[in-house]
Amino acid sequence: MQLKSLNKGRFSTYWQNNNNLIESVIKQCVVETKIVDEKSILFRQGCKVNDLVLIYNGTISIRYEAANGRRFHLGTLDCDEHVLGEMEFFTGYLCQFDIIAEEALTLSIVSADKLYQSLIEHPKLALFFASAIAFDYQDTLDIFLKRTLYSICYNIAFDLYQHHLNINPVSSFQKNYLEAERFGTTDRVYRRAVSELVKLDIVEKNEGKLEIKSMEKLKEFIKCKDKIPY
């Protein structure tokens, strides 16, 4: 979740007026600040989360690996006062994802014990967490549902359209096999889906980067939800 004031939702005005309280309480719970190297694993899937992490800026990636070896990557996220581990803090569940530093970055360790006490002393803070977690939950669930119910072609096209509108919270990878994982598939199937979109004159590759070729065809393709089996 993002520590900065929420600029949307039912409580947006309230948070904007109380941003200083939220930030000051969270910062009082920080017990350590350190630098981690690129590709460091901040949280490991299946492990217990003892404390939360606050990242003011820097890029991370989020991935899930199934027991059969298949991986799903949510993509990369450019942090801007992001708190990680908040879900596990409330549920006590083991970490659901690997959280990886995509570059060397500075992070702060937020004590779970201190945060627990702060929530008791400042009940308003719990409402902030509830609001922020609700947004993250619905955004993430929307990604999962589209990846599950629509074809790879549709998801690639829809992802490009979201990036065009600058409303996609996560970014793409440069390497094909990582992009394939972002759409929950294999490199071979991903390349086949891209080839179909190229044949339809919807996208094109420019210096190895996938770009929209025809916005009109892209919108029509998304609207029809496509019938291509990839």
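This one's a predicted model, so the numbers in the text were calculated from it and none came from an experiment. (Residues numbered from 1 in each chain as written. Predicted model: local features only at pLDDT ≥ 70, side-chain atom pairs only at ≥ 80, totals over all residues. Heavy atoms only, no water.)

> Explain the layout of surface pockets to me, please; I cannot follow it from the model alone.
The rolling of a water-molecule-sized probe over the atoms marks out the regions of remaining empty space. In this structure, the largest pocket spans a volume of roughly 1,400 Å³. As for the largest pocket, its lining consists of 49 residues, of which Leu 77, Phe 135, Asp 136, Asp 139 and Thr 140 are closest to the centre. For the lining of the largest pocket, the elements supplying multiple residues, two or more each, are β4 (71–84), α3 (86–91), α5 (123–149) and α6 (152–165). Tallying contributions element by element places α5 first for the lining of the largest pocket, with 12 residues. Its residues assigned to classes, the lining of the largest pocket shows 24 nonpolar, 14 polar and 11 charged. In this model, the second largest pocket occupies a volume close to 400 Å³. Of all the secondary-structure elements, those providing two or more residues to the lining of the second largest pocket are α6, α7 (176–182), α8 (187–199) and β8 (209–212). (1 Å grid on protein atoms, 1.4 Å probe; cavity = no way out; pocket = protein on both sides within 12 Å on 5 of 7 lines; lining within 4 Å. Points joined across faces, edges and corners; volume = space filled by probe spheres on them. Helix = DSSP H or I, 4+ residues; strand = E, 2+ residues; numbered from the N terminus. Nonpolar A, V, L, I, M, F, W, Y, C, P; charged D, E, K, R; others polar.)

> Honestly, the pairing of β8 in this entry has me stumped. Any pointers?
Both faces of the sheet carry side chains from a regular strand, because those side chains alternate between them. Pairing between strand β7 (residues 203–206) and β8: four bridges, direction antiparallel. Residue pairing across strands places Asn 206 opposite Lys 209, the latter belonging to β8. (Pairing = 2+ DSSP bridges.)

> I keep staring at empty space enclosed by the protein and nothing clicks. Help me out?
If you walk through the whole model with that rule in mind, you get one cavity of 30 Å³ or more. Approximately 30 Å³ is the volume attributed to the largest cavity. Around the largest cavity, the lining residues are Trp 15, Leu 21, Ile 22, Val 25, His 122, Lys 124 and Leu 125. Of all the elements in the fold, those that place two or more residues in the lining of the largest cavity are α2 (19–28) and α5. With three residues, α2 is the single largest residue contributor to the lining of the largest cavity. Residues that form the lining of the largest cavity fall into these classes: five nonpolar, one polar and one charged.

> What's the story with the pattern of salt bridges in this structure? I'm lost.
Pairs can form between side chains of opposite charge once their charged atoms are near each other. This structure, assessed with the given rule, holds 10 salt bridges. A salt bridge links Arg 63 to Asp 98; the nearest nitrogen and oxygen atoms lie 3.1 Å apart. Of this pair, Arg 63 sits in strand β3 (residues 52–65) while Asp 98 sits in strand β5 (residues 98–101); the two residues are 35 residues apart in sequence, bridging distant segments of the chain. The pair formed by Arg 63 and Asp 98 is uniform in burial state, with each residue classed as buried. For Asp 201, the salt bridge identified is with Lys 217, shortest N-O distance 3.4 Å. On the criterion of sequence distance, the pair formed by Asp 201 in the loop between α8 and β7 and Lys 217 in helix α9 (residues 215–224) is long-range, its members being 16 residues apart. The class for Asp 201 is partly exposed, based on a relative accessible area of 28%. (Salt bridge = Lys/Arg side-chain N within 4 Å of Asp/Glu carboxyl O. Buried < 20%, exposed > 50% of the residue type's maximum accessible area, 1.4 Å probe, protein only.)

> What's the story with the packing of aromatic side chains in this structure? I'm lost.
The geometry of an aromatic ring pair is captured by two quantities: the separation of the ring centres and the angle between the planes. Going through the model one piece at a time under the given rule, you end up with 11 aromatic pairs. A ring pair is formed by Phe 11 and Trp 15, whose centres lie 6.4 Å apart and whose planes are at 55 degrees; its orientation type is tilted. A relative accessible area of 1% means that Trp 15 is categorised as buried. Aromatic rings pair up to connect Phe 11, Tyr 14, Trp 15, Phe 89, Phe 90, Phe 128 and Phe 129 into one cluster. (Phe/Tyr/Trp six-rings, centres within 6.5 Å; stacked < 30°, edge-to-face > 60°.)

> Would you mind showing me how to read the pairing of strand β6 (residues 105–110) here?
When you tally the buried positions in β6, you get five out of six residues, the bulk of the element. When strand β1 (residues 30–36) meets β6, the two strands line up antiparallel, connected through six bridges. Bridging from a neighbouring strand, Val 36 pairs with Leu 105 of β6. As judged from the four bridges shared by β3 and β6, these two strands associate in the antiparallel manner. Considered in β6, the bridge of Leu 54 is made with Ser 108.

Just distances and angles here, no functional claims.
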